[in-house]
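# An overview of the molecular structure
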Amino acid sequence: MYDDFCDEHGRYPEQQREVDEQIDQFTVDVELIDLKPIESDRFEEFVDDKPIGADRFEEFVDDRPFYADAFTDEISDDVQAQLGWERIEESFEAWRGDVDRDELPRGKINPTTQAQLEDPVEIGNESFTDIWKTLFSIERVQTAVANCLESAFGPMDVPQVYDVLEERAVPPWIRSSLVDISREIDGAALEAVENLTTLADRPATSNEDLLVTASLAAEGNAGTPITVHFGKEFLERERRDQRDICDLLSILATGLEIRIVGSGRDLWLTGDELQGVLPGVSEWRHRRRGEAWFDDVVETAKASLDPDSRHVEILRDLADVPGQIMDRADLEALHDDVSRTRLSQVLTSEAVEDSLEQLQLIEVFGKRGDQKVELLETGSEVLSLLDNEHGVQQSLKESVSDTGNSSQQWRRTPRTRGGEGTGQPYRTAYMGRGEHAGAAAAAEPGAVTFVKGSLPDADKRERPVSYDADRDEAIVAPRAATPLQMTVTNALSLADRKLFLDKALPAERLATVFDDLDDPMLVLKTARQIGPITSDSLEEPEQLRDDLVEWGEAIESMINRLKEGDYEDRNELCSAILTSAKGLEGSIVHLLDAAGVDVVREVRVTPGLSNKKLRSLAKSIGISAAISSKYGGYAAYRQLFKVPNSAPPLSGPIADASDPVGELIGSFVIRGPDAHRLRDDLEYFLENPRELLDKPAEFTIEIPVTEPDWDAYRDVAARLLHRKRLRSTPEAISLFHALVATPHDLADALLRLPREEETRELRADDVRYVLRTLTADVLLPECGSAGVILSALLRSDEPLSQTELAERADVSTRTVRNYRDLLQGLGLLQITDEGYRLTLSFCTPEERQAEVYPEIVATDEIMIVEAADAVLENLLPPDRYGDPDDPAGGVLFWPPDPLQLADHEDFGPWITAAAALDDGGVELIEDTVVTMGPTIVQTPITSQVKV
């Protein structure tokens, strides 16, 4: 290319001569040119050398040019500070890598009560960067880290060093000084450490950058002691602020000897406050005890514990979770088959010698109501020894099938004291209006709906129930950690006389139901298989209600026996409880259906359950669904499946060959952060709850499995807004559907709206008010940090600069930029000269009447393709974005169909949000329909009785 250029223009000397000749043609005498503006001499006496009277302000203006700050008021400090930096920082994006702080190496931090020769580093209210600069300004730290770097990078060649630094995502702007170490430049290591001292002052440096740089100290083992003292102010700081500093210290501890100094009481408080943040603090209370103490604790505990005991089961639960720390509430939920009092005896009681805390196997810490339980090293060792000697035992709870026989024989001697001392009893409680509205709106008749979202912070010993007389709908909402807990909660909630039966099934209503049937005994007892129906109860409906209540009381009595250990075979008792509870639940559900009451069972799945426990739960729900299904006037369960200890009914329905499909009574809502993990197993057990009869009835039950759609959000809004004298709009519902995680979350927010004096439609500023009351984790929950950015924008009533937005969202400016184009593509974000704002009216008088909505929501045009185009342009590399054969980029080519990516792990959440905002009549949620029952052979069965 250069040769071609030279052929045309000549070699360099020839080019130079040509340039000089051209310049000579335009040579002028500068002295002959008047450079002053025209008629400027009219004001010569004023301008002269400096403005008249300038000396009056000399101390202020100093030597700065006149008017240097004339426009200071017009430019914000933020713009001056960030001017040009955005482009510079974006250039760094190509070099810097992603840092996972949890993957960085960590060392052990040691406590000490001894006075140190050097003054400790005091940590109180100082910022993370201040602590960084303090530590790296200490001369012996600099020397130690320099030695570490020298030993690590000295033997390498330059390319090797660059490869290591890039792999570990060390910030690009310090790599060159580290590379100099491998070039054997004198003093390079110390110079690199000096650069580390000022690293925190660079605007582009994040806390993660500093932590990964600190991990370079792990390349050696200098053993240099650094003493730190945590002040009271530090222990009272937010967990997030504590974590950054504690992470720094623990990472430095891989190469340095980090000591925390304080009195015995100080160290105890520090250990209590920083558990879960600073590694190893749980062991501080035992810091003076050596191997002999450790061995003694382990041997004593091993001799005290039965391998099949509740104590060991709890140790296993703790060992199975990351970090071996659990919320005490979650641990209690896993062991809800015993009373809270009994569980406290196992965990922490000082009144017994074998509590896990007394045996020094666990540590319980935190404030009351928010405690955590940590497995100590001694506990891990005991568990390991027991497993080696006895093998890993199957959890007793998991060995219990839904209604099967006992697989192991267990004999437990009943306790002779504290017969009623089972802790605070369970009680039925009425659900709040928002919880009822959320569950009812999410539910679809005859279907199972999965709602992935948070659970309410309710008392785990309550049985929530609700009945809406205006809509004639009932809701029960059991917490589900085990099949036993879920089924018993459902049954006892429905059998509560005061809070449920008196409202949904009063005696007068039952009498009307009986009177409307030609043969109530045949319909309710024979066909519906409602257990307590007798000729006496048909004559006296109050008797039926009494029988249902007594049935529930009998189940509670068995539960108390289980808690007190009053049984010979635990599995057999659990099986009896489960069978009886399912019978009671099914009887009341069929009775409600006969009375015309819609019933919703919202199963609140306990987070963190193992796959095995989820599968057990799914099987139990599948059996409950089968019991609660019908074909015509017949209960489907015993018509289709082999039921243990139960003979098939003598008669059944005559199936209509043109419509041999029955239905699920009411609906199920499967709710919780782990609800989605239950779906595959539940779909299987809805199809196969039990083994089919050899000759099952000739019908099936079809059950749609779905998720909340646009209609669910419209329904929850309609249920709650009319009480506020407000009406929803399509624009509002589309925004709610797209942005808010669940109808339940929306219900909580709508309740915060004030009541209007006159009925009106929901305005755009009302929508902002509703959304800003929500926490960031329920806004676009599947789209990374988009939720915290939206939350910050919602809470502001004016545009924000990029830096202000990052600060309010508690993210880096890089994160804001990463999501900027995506949110703009959805039409949710506007960037103007004034800054960033959400495309939604501010809650101010000026914008209240403006009705600012995203264009994709406000227009009748279908814009999902445009929105998807903007999303994919941002997420895909250019070669894939423009490739019609690419699995992702190809959906934009004719005919465009971006919804093909709705289930894609990376693109799906954004495409789904775009489709929800567009609301062009597109069915976002495609139901899965599972079929329960046999493959239909359409042969008339004339011997059956038709009801």
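Residues numbered from 1 in each chain as written. Predicted model: local features only at pLDDT ≥ 70, side-chain atom pairs only at ≥ 80, totals over all residues. Heavy atoms only, no water.

If you check an unreviewed UniProt entry, the protein appears there as Helix-turn-helix domain-containing protein from Natrinema thermotolerans.

Any two side chains of opposite charge can pair, so long as their charged atoms come close to each other. This structure, assessed with the given rule, holds 34 salt bridges. A salt bridge links Arg615 to Asp681, with the nearest nitrogen and oxygen atoms 2.8 Å apart. Here the residue Arg615 occupies a position in helix α29 (residues 611–627), and Asp681 occupies one in helix α31 (residues 679–687), the gap between them amounting to 66 residues. Arg679 serves as the salt-bridge partner of Glu707, at 3.3 Å between the closest nitrogen and oxygen. A residue pair is termed long-range when its members are at least 10 positions apart, and Glu707 in the loop between β18 (700–706) and α32 (710–721) and Arg679 in helix α31 qualify at 28 residues. (Salt bridge = Lys/Arg side-chain N within 4 Å of Asp/Glu carboxyl O. Helix = DSSP H or I, 4+ residues; strand = E, 2+ residues; numbered from the N terminus.)

One way to put it is that helix α24 (residues 507–516) packs onto helix α27 (residues 541–564) with a least axis distance of 8 Å and a crossing angle of 115°. Relative to α27, α24 is oriented roughly perpendicular. In the packing of α24 onto α27, the handedness of the crossing is right-handed. Contacts from Ala507, Leu510, Ala511 and Phe514 in α24 reach Pro541, Glu542, Leu544 and Arg545 in α27. (Axes fitted to C-alpha atoms, helices over the stretch in contact; angles between N-to-C directions. Parallel < 35°, antiparallel > 145°, perpendicular 65-115°, else oblique. Left-handed = near helix turned anticlockwise from the far one by under 90°. Contact = heavy atoms within 4.5 Å.)

On to the packing of aromatic side chains. By the definition in use, this model includes six aromatic pairs. Centroid distance Tyr637 to Phe641: 6.4 Å. Interplanar angle 45°. Geometry classified as tilted. Tyr637 sits in the buried class, given a relative accessible area of 10%. With relative accessibility at 2%, the residue Phe641 sits in the buried group. For Arg837, the ring lying beneath its charged end belongs to Phe842, and the centroid distance is 4.1 Å. (Phe/Tyr/Trp six-rings, centres within 6.5 Å; stacked < 30°, edge-to-face > 60°. Buried < 20%, exposed > 50% of the residue type's maximum accessible area, 1.4 Å probe, protein only. Lys NZ or Arg CZ within 6 Å of the ring centre and 35° of its normal.)

This paragraph deals with unusual backbone geometry. A cis amide bond links Trp894 to the next residue, Pro895, at an omega of -10°. Tracing the backbone shows Pro895 in the loop between α42 (878–881) and α43 (908–918). Although it is not a glycine, Gln529 sits at a positive phi angle of roughly 60°. Relative to the helices and strands, Gln529 is located in the loop between α25 (520–527) and α26 (535–539).

In the case of a regular strand, side chains alternate between the two sheet surfaces. With two bridges connecting them, strand β14 (residues 629–631) and strand β16 (residues 661–664) associate as antiparallel partners. If you follow Ser629 over to β16, its bridge partner there is Leu664. As defined by bridge partners, β16 adjoins β18 across two bridges and the pair is classed as parallel. Looking at the pairing, Val661 lines up with Thr700 of β18. (Pairing = 2+ DSSP bridges.)

Taking 1.5 Å as the rise per residue, α29 with 17 residues should run 24 Å; its terminal C-alpha atoms sit 24 Å apart, in good agreement. Along α29, 12 of the 17 residues are buried, which leaves the element largely enclosed by surrounding structure. Here α29 has its buried residues at Lys613, Leu614, Leu617, Ala618, Ser620, Ile621, Gly622, Ile623, Ser624, Ala625, Ala626 and Ile627. (Expected span 1.5 Å × (residues − 1).)

Glancing now at the environment of Gly825. Mapped onto the elements, Gly825 comes out in helix α38 (residues 813–825). When the C-alpha positions of Gly825 and Ile856 are compared, they lie 9.9 Å apart, and in sequence the two are 31 residues distant. Not counting residues within four places of it along the chain, the set of residues in contact with Gly825 comprises Ala867 and Ala870.

Turning our eyes to something else, we now look at the sheet that holds strand β4 (residues 257–261). Strand order across the open sheet formed by four strands is β1-β4-β3-β2, with parallel pairing between neighbours. With partners counted over all chains shown, the strands left at the sheet margins are β1 (110–112) and β2 (121–123), one partner each. Each adjacent strand pair in this sheet contributes to an overall mean axis angle of 35°, direction not counted. Two elements, β1 and β4, share three bridges in a ladder whose sense is parallel. Its bridge partner lying in β4, Thr112 is registered against Val261.

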